[in-house]
Amino acid sequence: MVGPTFAFFEGRIVPYAQAHVGMLNHSLNYGTGVFGGLRAYWNEAQAQLYLFRPIDHFRRFIESSRLLNMQLPHDGADLLRHTVELLRAEEHKADMYVRPLAYFAEEMIGVRLHDLQARVAIVAVPFGRYLEHEEGAHATISSWRRVDDNSIPARGKITGSYVNSALIKTDAQRAGFDEAIVLNSDGHVAEGSAENFFMVRHGELITPPITDNILEGITRRTLISLAHDDLGLTVVERSIDRTEVYLAEEAFFCGTGVQIAAITRIDHRPLGDGRMGPVVTRLRDLYFQVVRGGVAKYSSWLTPVYDVERIAASA
Ligand code: PMP
């Protein structure tokens, strides 16, 4: 991985090496941070870098911070402006991953959420695939359970709850799978370790509702509208039983990092004919066109990062 050169830190862009917190930092010790994950896609023909749905990502970031009683020193418009500045400073002509992080700045002993100062840092790095087998992943059903809303809310991106994701992911990979599907404490399908989950059953596209202990994913929302509005599919948000996934014609994980990864086997059982199916294929094709700026009606989801004339002059 190519590392970051700069970071947005304490209100300005600084060399990455200057962005650090102390060993007693509250969020490092107690998992009381919140983060986001955005992608910016490089469009070679247009010499443009498009940040995908930043307003929605920063809205969820701010909502996640509210779950932890944080008062961020920036609003969504500020965060977008600083992200664009940071991406311009990094100057890559490549697909990028952007990681905003909100954390409590105090270095002290004492676990709580009140009377603490929240800060935001942002870094951005070139980024390719998250899962190696995006066109045919082998998933297992994890023996872990997704964190419950009454313990740690899964709807927001809270750093501490990624212990749950890490336990799920490591066991799945060590057992030879690409990823895991995790059930919630009711036994219904929640999501992947860091992805939302969809399946196709009897021709309908089905995904768990946001009240089933899942992250309120931006890609999930994007695909619900693309599937319905552009592909004419029936999309249903409802709880999914464990054994339904074995009967699915198709299934996939989705998320900013993973994009859309077809699940072609679950616990050694092939789905459909064991290859990436037609619904996942059409959704992936459309999604990649949309995020790279190829579908005019979705241009409002994209923020162009570069000043096109300046890039052309420096090429
Ligand atoms: N679920 C979890 C647990 C995740 O970490 C992610 C990645 N952010 C997702 C789902 C997908 O969310 P999004 O589409 O907003 O990236």
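Scroll up for the structure.
(A) Representation of the overall build of the chain within the structure. When helices and strands are counted, the chain shows 8 helices and 17 strands. Based on the C-alpha atoms only, the size of the chain along its principal axes is roughly 55 × 50 × 30 Å. Counting every position in the chain, which comprises 315 residues, the buried fraction comes to 53%. Total accessible area on the chain stands at roughly 14,100 Å², and carbon and sulfur atoms take up 51% of it. Here the chain contributes 32 positively and 39 negatively charged side chains, and the mean placements of these two sets differ by 1 Å.

(B) Fine view of the site of the ligand. Near the ligand lie 17 residues; those nearest to it are Arg60, Tyr162, Glu191, Thr219 and Thr256. In this structure, Arg60 approaches the ligand through a side-chain N or O atom, which is 2.6 Å from an oxygen atom. Glu191 is positioned such that a nitrogen or oxygen atom in its side chain is 2.7 Å from a nitrogen atom of the ligand. Coverage of the ligand by the protein amounts to 97% of the 390 Å² it exposes when considered alone.

(C) Representation of the nonpolar core within the structure. In this structure, Leu49, Leu51, Phe61, Met70 and Leu87 are the most contacted members of the largest nonpolar core, which totals 30 residues. Only strand S4 (38-43), strand S5 (48-52), helix H2 (54-67), helix H3 (76-90), strand S6 (96-104) and strand S7 (118-126) provide two or more residues apiece to this core. The greatest single-element share of this core, amounting to 5 residues, is contributed by H3. With near-sequence residues (within four places) excluded, Leu51 lies in contact with Leu38, Arg39, Ala40, Leu80, Thr83, Leu87, Val98, Trp301, Leu302, Thr303 and Val305. Counting residues in hydrophobic clusters, the runner-up holds 27 residues, among them Val200, Ile260, Val279 and Trp301.

(D) Main features of the environment of Ala17. Residue placement: Ala17 occurs in the loop between strand S2 (12-15) and helix H1 (26-30). Put simply, Ala17 and Thr5 are 12 residues apart on the chain and 8.1 Å apart in space, counted from C-alpha to C-alpha.

(E) Representation of the pairing of strand S12 (residues 204-207). Across 3 bridges, strand S11 (residues 196-201) lies against S12 in antiparallel orientation. The residue bridging Arg201 from the neighbouring strand is Glu204, located in S12. For S12 and strand S13 (residues 235-237), the ladder comprises 3 bridges, and the chain directions are parallel. Looking across to S13, one finds that Thr207 is bridged to Glu237.

(F) Spatial organisation of helix H7 (residues 278-291). Its 14 residues place the ends of H7 20 Å apart at the C-alpha level, agreeing with the 20 Å of an ideal helix rising 1.5 Å per residue. Looking at the residues trailing H7, positive phi occurs at Gly293, about 90°.

(G) Focus on the side chain of Asn43. Mapped onto the elements, Asn43 comes out in strand S4. Among the residues examined, Asn43 registers a relative accessible area of 11% and is labelled buried. In terms of polar contacts, Asn43 uses its side chain to reach the backbone carbonyl oxygen of Arg292, at 2.8 Å. The contact partners of Asn43, leaving out residues within four places of it in the chain, are Gln48, Tyr50 and Arg292.

(H) Focus on the packing of aromatic side chains. This structure, assessed with the given rule, holds 10 aromatic pairs. For the pair Phe52 and Trp301, a centre-to-centre distance of 5.9 Å together with 90° between the ring planes defines the contact as edge-to-face. In this pair, Phe52 sits in strand S5 while Trp301 sits in the loop between H7 and strand S17 (302-304), placing the two residues 249 residues apart along the sequence. Trp301 carries the same exposure label as Phe52, and that label is buried. An aromatic cluster of three or more residues is present, and its members are Phe52, Tyr287, Phe288, Tyr298 and Trp301.

(I) Spatial organisation of a nonpolar patch on the surface. A contiguous nonpolar patch, built from Leu24, Tyr30, Ile109 and Val111 and spanning about 410 Å² of accessible area, is present on the exposed surface. With respect to the helices and strands, Ile109 occurs in the loop between S6 and S7. The class for Ile109 is exposed, based on a relative accessible area of 69%.

Conventions used here
Residues numbered from 1 in each chain as written. Predicted model: local features only at pLDDT ≥ 70, side-chain atom pairs only at ≥ 80, totals over all residues. Heavy atoms only, no water. Helix = DSSP H or I, 4+ residues; strand = E, 2+ residues; numbered from the N terminus. Buried < 20%, exposed > 50% of the residue type's maximum accessible area, 1.4 Å probe, protein only. Areas by Shrake-Rupley, 256 points an atom, 1.4 Å probe, with all protein chains shown as cover. Lys, Arg positive; Asp, Glu negative; His and termini not counted. Charge placed at Lys NZ, Arg CZ, Asp CG, Glu CD. Near = heavy atom within 4 Å. Polar contact = N/O pair within 3.5 Å; in protein donor to acceptor, adjacent residues only side chain to side chain. Core = buried A, V, L, I, M, F, W, Y, C linked by side-chain atoms within 4.5 Å. Contact = heavy atoms within 4.5 Å. Pairing = 2+ DSSP bridges. Expected span 1.5 Å × (residues − 1). Phe/Tyr/Trp six-rings, centres within 6.5 Å; stacked < 30°, edge-to-face > 60°. Patch = residues over 30% accessible without salt bridge, like charges linked within 9 Å, V, L, I, M, F, W, Y side chains within 5 Å. Salt bridge = Lys/Arg side-chain N within 4 Å of Asp/Glu carboxyl O.

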